[in-house]
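A structural walkthrough
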Amino acid sequence: MITMSDIYEKVMDLAKRRGFIWPTSECYGAMAGFIDYGPLGAMMKRRVENIWRDFYVIEEGYYEIECPTIAQEAVFVASGHVKGFADKMCQCPHCHEFLRADHVAEGGGVAGAATMDHEVLAAAIASCRCLACEKVLGKVEVFSFNLMFRTSIGPGSQRTGYLRPETAQGMFVDFTRLLRFYRDHLPFGAVQIGKSYRNEISPRQGMIRLREFTQAEAEIFVHPEEKVHPRFSRYAEYTMPLLTAQQQQAKEPPLTMSMRDAVDNRVIANEYVAYYVALTHEMLVAIGIRPDRLRFRQHLPDELAHYAADCWDAEVYSDRFGWVETVGIADRTDYDLTAHAKHSGTKMTVFIQYSEPKKVRRRRIVPNMSVLGKQYRTKAKAVFEALSKAVPGTDGADIVVDGETIRIPPDLYEIRDEMVEVRGDEIVPHVIEPSYGIDRMCYAVLEQAYDEDIADGETRTVLRLPSSVAPIQVAVFPLMNRDGLDTIALEITTALRKEGVLAEYDDSGAIGRRYRRQDEIGTPYAVTVDYDSKEDHTVTIRDRDSMKQARIAITSVPQTVCALIDGSLIFTSLSP
RNA sequence: GCGCCGAUAGUGUAGUGGUUAUCACUAGGCGUUGCCAACGCCUAGACCCGGGUUCGAGUCCCGGUCGGCGCACCA
């Protein structure tokens, strides 16, 4: 156990030194907000992503899709990112501080800043004081800073594109294809793991705030009135501390309760959100996040996006950064689909058939088109449309066409009361969105795995990574680099590789040094071939965390190692 | 973006204007070594980038990049 508060330095140093994380294009001076994953980091990240796939693709049955990282402007106009992913900013002419213009307005008692355009806002804040140097601003220019990276598509083209700020939009714009793929019924989901981009003004904090980062997002399309997860029972009794909005406002500690109780007591909006809160908890623990450093925090009312019904963040405690938002689980209602339907002109609804057709009495207004057509000529179509929605009085119907109120006398239409059969509803599904920041997860895993203990009077650095995410799964050593021990060790390495195990062979230096090297990169097991191996065809297998050893038959090495890695066998059950 | 601080082998460091840039660890090779960073010999490896001052700059000055902290920002 280390007490040192600045574990970050040690973790990042190790990560850099041993090939987990590198500054990008370092020979040209690196770039803030971008990182390279080195050989071990890329492997570990891949393992984290694959565990995510186990949960969402294999277990939940939500297929993965892959969309471009660049999309045309229309997509982000519809999603609201072109307008809403930008901040109105200004620069103080005195101290050159960049300020959020709406914050300046708020500080100066100017109301309604959010809806003002740039010129109006600039005029409004001219008399306000700078939030930094407190001088009166005077004449300033208000400009938008959009966090999306902008680019142009095609040679000499004016066509604007943006690098996606989230993977989610790809799933929304593919909605009708996905719906068809899932044979037209709810619920269904699609997931995507990929890069997203945000042109952060000032990225800091190493791999916590990146300009290019990896997201794993699931978009689950559900019936708005049936937010009942079909497999909720899997997590109904799953219990964990929940920091609700109410607890936060009252400055009270989290409430520990089961998902069943959380839904029943309306702490969590519905079963879907609760289900993915619990699933996320299980997954984060599986990749090596300690439960006591994991909490689920509900968005406060002012934090919650206006369209969202509920949102919970999984936050992981970092010694360096405090509570870090790592996963967000939101009920986004029908916001995204409605927006894309409207902007694209594509119907994004699901037809839900009733078990039995309903007979519905419907009052219908049937215009007399032969008269209306002659009378209103070019306006006839508009009149027709307005009339069919009108509520006629006894002396006719008042309709509004092009801002003009027209009274249509009763003899120009007929009111029919009919019984019609309705076979179902067109509904816009709601979207449940669990969204994971893979890089943050990787950092958290590294930070929490980092440990130093004392072995034989020396400090031992060890990454206590779960075997499921450790980049190298097993190391194989010949005790001596001769007498055929190396041959046996190489044969074992080959046998392990045949089973799909990432095994590293190392014959350099003293055996203790080799163990330490593997400890530092989190390799959970090491197999050592010694002189007894030649006699009785056994080897030792050593456990990283306890440094204990057991003796197993050479022929059983691949099977034993696989079982240890997948958790079906625990090390202590092996005989020493 | 602003302010303050920092940057020397893979890592940690010494070096207050003057030879060929210090030391340790690490890494590679050879030897040795019978299970936890042992040892011997050998080898490799650095002044963040660009300007300036100076006879001479790792060292002083300016600008940039990256990192840390504070401010601001974080749909």
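Throughout what follows, the structure given in this document is the object of discussion. Bear in mind the structure is a predicted one, so any value in this text is a computation, not a measurement.

Regarding its fold elements, chain A presents 20 helices and 28 strands. A total of 576 residues make up chain A; the buried ones form 48% of that total. Within chain A, counting contacts between residues at least 6 apart in sequence, those at least 24 apart form 65% of the total. Split by element, the accessible area of chain A, about 28800 Å² in all, is 51% carbon and sulfur.

Attention now goes to the packing of aromatic side chains. One pair of aromatic rings is described through two measures. These are the centre distance and the angle between the planes. Using the criterion set out here, one finds 25 aromatic pairs in the structure. Measuring from centroid to centroid gives 6.4 Å for Y63 and Y182, while their planes differ by 45°, and the two rings are tilted. With a gap of 119 residues between them, Y63 in strand β3 (residues 63–64) and Y182 in the loop between α8 (175–181) and β10 (188–197) connect regions that are remote in the sequence. Judged by its relative accessible area of 14%, Y182 is buried. Here the basic side chain of K358 rests over the ring of Y354, its NZ or CZ set 4.1 Å away from the ring centre.

On to the sheet that holds strand β15 (residues 310–318), then. Strand order across the open sheet formed by nine strands is β3-β10-β11-β21-β16-β15-β14-β12-β13, with mixed pairing between neighbours. Strand pairing shows two members of the sheet lacking a second neighbour, β3 and β13 (255–258), which therefore form its edges. Contacting β3, β10, β11 (212–222) and β21 (430–437), helix α2 (residues 39–59) crosses the sheet at an angle of about 160° to β10.

Let's shift gears to the environment of E225. With respect to the helices and strands, the residue E225 is situated in the loop between β11 and α9 (233–236). Its relative accessible area of 67% is what places E225 among the exposed residues. Spatially, the C-alpha atoms of E225 and I427 are 10.0 Å apart, while their sequence positions differ by 202 residues.

Not every one of the 44 residues close to RNA strand B is listed here, only the nearest: F85, R100, R198, R517 and Q549. Backbone atoms, meaning sugar and phosphate, make up 51% of the atoms of RNA strand B lying within 4 Å of the protein. At 2.5 Å from a base oxygen of RNA strand B is found a side-chain nitrogen or oxygen belonging to Q549. Looking at the surface near RNA strand B, the elements with two or more residues in it are α1 (7–17), β6 (98–100), β23 (458–463), α18 (511–520) and β27 (538–543). If one sorts the elements of the surface near RNA strand B by residue count, α18 sits on top with six residues. Here the residues of the surface near RNA strand B sort into 14 nonpolar, 14 polar and 16 charged.

Time to look at the sheet that holds strand β25 (residues 503–505). If you trace the five strands from one edge of the open sheet to the other, you get β25-β24-β26-β27-β28, paired in mixed fashion. The open sheet has two edge strands, β25 and β28 (549–553), and neither has a second partner. Averaged over neighbouring strand pairs, the angle between their axes works out to 25° when direction is ignored. Two elements, strand β24 (residues 474–478) and strand β26 (residues 525–529), share five bridges in a ladder whose sense is parallel. Residue P478 lies in a different strand from β26, and its bridge partner there is V529.

Below, the discussion takes up the side chain of T528. Among the structural elements, T528 can be located in strand β26. We classify T528 as buried; its relative accessible area is 3%. Polar side-chain contacts of T528 include one of 2.7 Å to the side chain of Y515. Beyond its immediate chain neighbours, meaning those up to four positions away, T528 contacts F477, L479, I511, Y515, S533, V539 and T540.

Looking now at the packing of α1 against helix α16 (residues 438–449). Following both chains from N to C, one finds α1 and α16 inclined at 105°, their axes separated by 10 Å at the closest point. Relative to α16, α1 is oriented roughly perpendicular. Contacts from I7, Y8, V11 and M12 of α1 reach α16 at Y443, L446 and E447. Tallied by class, residues from the contact of α1 with α16 come to six nonpolar, no polar and one charged.

Turning our attention to the pattern of salt bridges. Per the stated rule, a full pass over the model turns up 36 salt bridges. A salt bridge links D13 to R17; the nearest nitrogen and oxygen atoms lie 3.3 Å apart. You can see D13 and its partner R17 sitting in helix α1, four residues apart, about one turn around the helix. Residue class for R17 comes out partly exposed when judged on its relative accessible area of 48%.

The next point concerns the packing of helix α17 (residues 485–498) against helix α20 (residues 557–566). Two quantities define a packed helix pair, namely the angle between the axes and the distance from one axis to the other. Two numbers describe how α17 lies on α20: the axes approach to 9 Å, and their chain directions differ by 55°. It follows that α17 is oblique to α20 by the angle criterion. Seen along the crossing, α17 lies across α20 with a hand that is right-handed. Note on element contacts: α20 touches α17 through V557, P558 and V561, opposite I492, A495 and L496. Counted by class, the contact of α17 with α20 contains six nonpolar, no polar and no charged residues.

To continue, consider the side chain of T523. Position of T523 among the secondary structure elements: in the loop between α18 and β26. We classify T523 as buried; its relative accessible area is 2%. When sequence neighbours within four positions are dropped, the list of residues in contact with T523 reads I472, Q473, V474, A475, Q518 and R544.

It is worth spelling out the nonpolar core at this point. Grouped together as the largest cluster of nonpolar side chains are 74 residues, with contacts concentrated most on F20, Y56, L242 and Y276. With 10 residues, the single largest contributor to this core is helix α12 (residues 271–286). Excluding residues that lie within four positions of it along the chain, F20 makes contacts with L14, A15, D36, Y37, G38, L40, G41, M44, L446, L463, P471 and I521. Counting 22 residues, the second largest nonpolar core, distinct from the first, contains I492, V501, A503 and V557.

Calculation notes
- Residues numbered from 1 in each chain as written.
- Chains lettered and ligands numbered in written order.
- Predicted model: local features only at pLDDT ≥ 70, side-chain atom pairs only at ≥ 80, totals over all residues.
- Heavy atoms only, no water.
- Helix = DSSP H or I, 4+ residues; strand = E, 2+ residues; numbered from the N terminus.
- Buried < 20%, exposed > 50% of the residue type's maximum accessible area, 1.4 Å probe, protein only.
- Contact = heavy atoms within 4.5 Å.
- Areas by Shrake-Rupley, 256 points an atom, 1.4 Å probe, with all protein chains shown as cover.
- Phe/Tyr/Trp six-rings, centres within 6.5 Å; stacked < 30°, edge-to-face > 60°.
- Lys NZ or Arg CZ within 6 Å of the ring centre and 35° of its normal.
- Pairing = 2+ DSSP bridges.
- Axes fitted to C-alpha atoms, helices over the stretch in contact; angles between N-to-C directions.
- Near = heavy atom within 4 Å.
- Polar contact = N/O pair within 3.5 Å; in protein donor to acceptor, adjacent residues only side chain to side chain.
- Nonpolar A, V, L, I, M, F, W, Y, C, P; charged D, E, K, R; others polar.
- Parallel < 35°, antiparallel > 145°, perpendicular 65-115°, else oblique.
- Salt bridge = Lys/Arg side-chain N within 4 Å of Asp/Glu carboxyl O.
- Left-handed = near helix turned anticlockwise from the far one by under 90°.
- Core = buried A, V, L, I, M, F, W, Y, C linked by side-chain atoms within 4.5 Å.

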